[in-house]
Amino acid sequence: MAMIILQVVGYQNSGKTTLIEKCVKELTKQGYKVGTLKHHGHGGKPALPKEKDSTRHWEAGAVVSAVEGDGTLLLTATAKNGWNLSELIELYRHFAIDLLLIEGFKHSPYPKIVCLRDESDVYLLQLPNVVASISWMPLKQGNSFFIQEENKYMQWIMNYVKGEKHVCDCERTD
């Protein structure tokens with residue numbers, strides 16, 4: 001099975017991280033091997049654990065620094081011109097996962113679920129490859145779900161991942 005890629009995009013406090021957390025829990029429960037990747041869209045470098053050896057190695061100038069223990073790998077890597085999403089996805093392929101959930105990278109060309117906090121965010125539905133939206137206000141277009149319809153949108157996502165993209169009895173028809 002090829003790795004499925006699904007993005008979750010939207011602005012801060014729109015529910016992206018909560019949605020990904022719910023998806024990871026449910027998909028893992030159903031036997032999928034899930035990976036996640038988050039774009040740090042707040043500017044600057046992500047925070048690293050202070051006073052740890054691998055952080056000290058990285059701060060000393062190592063391009064890649066990692067620590068492994070009991071099957072867990074924490075990796076810090078620097079790319080001179082930053083990382084593009086294609087390079088990061090290629091890295092994830094080495095972990096033999098079934099599904100990669102990406103938070104952010106709005107303008108990337110992968111299928112995406114858009115989280116909408118208010119009406120000023122609705123223009124995000126024009127991004128490339130939007131397959132569904134979850135909003136804090138009712139919308140009546142395509143695969144749009146109200147934030148309180150968790151059972152419906154989670155069922156739609158599970159069906160989507162299983163390849164039943166257009167066969168979902170939870171899709172809106174109104």
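Residues numbered from 1 in each chain as written. Predicted model: local features only at pLDDT ≥ 70, side-chain atom pairs only at ≥ 80, totals over all residues. Heavy atoms only, no water.

When you look at the packing of aromatic side chains in this model, what are you seeing that I'm missing?
We describe a pair of aromatic rings using the distance from one ring centre to the other and the angle between the two ring planes. Counted according to the given criterion, the structure contains four aromatic pairs. Centroid distance Tyr11 to Tyr123: 6.5 Å. Interplanar angle 40°. Geometry classified as tilted. Residue Tyr11 is found in the loop between β1 (4–10) and α1 (16–29), and its partner Tyr123 is found in the loop between β6 (112–116) and β7 (130–135); the two are separated by 112 residues along the sequence. Take Tyr123: its relative accessible area is 44%, and that puts it in the partly exposed class. Each ring, one from Phe145 and one from Trp156, has its centre 6.4 Å from the other, and the planes form 50°; the classification is tilted. With Phe145 in strand β8 (residues 144–146) and Trp156 in helix α4 (residues 150–161), this pair connects stretches of sequence that are eleven residues apart. On the basis of relative accessible area, Phe145 is assigned to the buried category, the value being 2%. Three or more aromatic residues joined by ring pairs make a cluster, and in this case those are Phe145, Trp156 and Tyr160. (Phe/Tyr/Trp six-rings, centres within 6.5 Å; stacked < 30°, edge-to-face > 60°. Helix = DSSP H or I, 4+ residues; strand = E, 2+ residues; numbered from the N terminus. Buried < 20%, exposed > 50% of the residue type's maximum accessible area, 1.4 Å probe, protein only.)

What's the story with the sheet that holds β6 in this structure? I'm lost.
The strands making up a sheet associate through hydrogen bonds between their backbones, and the pairing can be parallel or antiparallel. One open sheet accounts for six strands, arranged β2-β5-β1-β6-β7-β8; its pairing is parallel. The open sheet has two free edges, formed respectively by β2 (34–38) and β8, since each of these has just one partner strand. For this sheet, the mean inter-axis angle between neighbouring strands, taken without regard to orientation, is 20°. Relative to strand β5 (residues 99–103), β2 is paired through five bridges, and the arrangement is parallel. For Leu37, the partnering residue across the bridge sits in β5 and is Ile102. On the sheet, helix α3 (residues 85–93) packs against β1, β2 and β5 and is oriented at approximately 155° with respect to β2. (Pairing = 2+ DSSP bridges. Axes fitted to C-alpha atoms, helices over the stretch in contact; angles between N-to-C directions. Contact = heavy atoms within 4.5 Å.)

What is the right way to read the packing of α1 against α4 from this model?
Pairs of packed helices are described in terms of their axes, by the angle between the two and the distance that separates them. Where α1 meets α4, the closest approach of the two axes is 11 Å, and the angle between their N-to-C directions is 60°. As judged from the angle between their axes, α1 and α4 are oblique. Here α1 and α4 pass one another in a crossing that is right-handed. Mapping the contact onto sequence places Leu19, Lys22, Cys23, Glu26 and Leu27 in α1 and Glu150, Tyr153, Met154, Ile157, Met158 and Val161 in α4. A class-by-class count of the residues in the contact of α1 with α4 yields eight nonpolar, no polar and three charged. (Parallel < 35°, antiparallel > 145°, perpendicular 65-115°, else oblique. Left-handed = near helix turned anticlockwise from the far one by under 90°. Nonpolar A, V, L, I, M, F, W, Y, C, P; charged D, E, K, R; others polar.)

I'm lost on the nonpolar core in this one. Help?
Soluble globular proteins tend to pack their nonpolar side chains together in the buried interior. By size, the foremost hydrophobic cluster in this structure holds 22 residues, and its most contacted members are Leu19 and Ile157. Among the secondary structure elements, those contributing two or more residues to this core are β1, α1, β5, β6, β7 and α4. At seven residues, the largest contribution of residues to this core is made by α4. Those residues in contact with Leu19 that sit more than four places away from it in its chain are Val8, Ile113, Cys115, Ile134, Tyr153, Met154 and Ile157. Membership of the second largest hydrophobic core comes to eleven residues, among which are Met3, Ile89, Ile97 and Ile102. (Core = buried A, V, L, I, M, F, W, Y, C linked by side-chain atoms within 4.5 Å.)

Looking at this structure, how should I read the environment of Ala62?
Tracing the chain through its elements places Ala62 in the loop between α2 (53–59) and β3 (64–69). Taking the C-alpha atoms as reference, Ala62 lies 8.2 Å from Ala77; in sequence the two are 15 residues apart.

I tried to follow the pairing of strand β4 (residues 72–77) on my own but got confused; where do I start?
Moving residue by residue along a regular strand, the side chains alternate between the two faces of the sheet. As defined by bridge partners, β3 adjoins β4 across six bridges and the pair is classed as antiparallel. From the neighbouring strand, Ala66 faces β4, where its bridge partner is Leu75. Counting the residues in the hairpin turn of β3 and β4 gives two residues, including Asp70, whose phi is positive at 55°.

Help me understand unusual backbone geometry in this model?
Most of the time, phi is negative for any residue but glycine, and the peptide bond is trans. Phi at Asn13 is positive, roughly 65°, even though this residue is not glycine. Take Asn13: it is sitting in the loop between β1 and α1. The exposure class assigned to Asn13 is exposed, which follows from its relative accessible area of 59%. Despite not being glycine, Asn129 has its phi angle at roughly 65°, a positive value. Relative to the helices and strands, Asn129 is located in the loop between β6 and β7.

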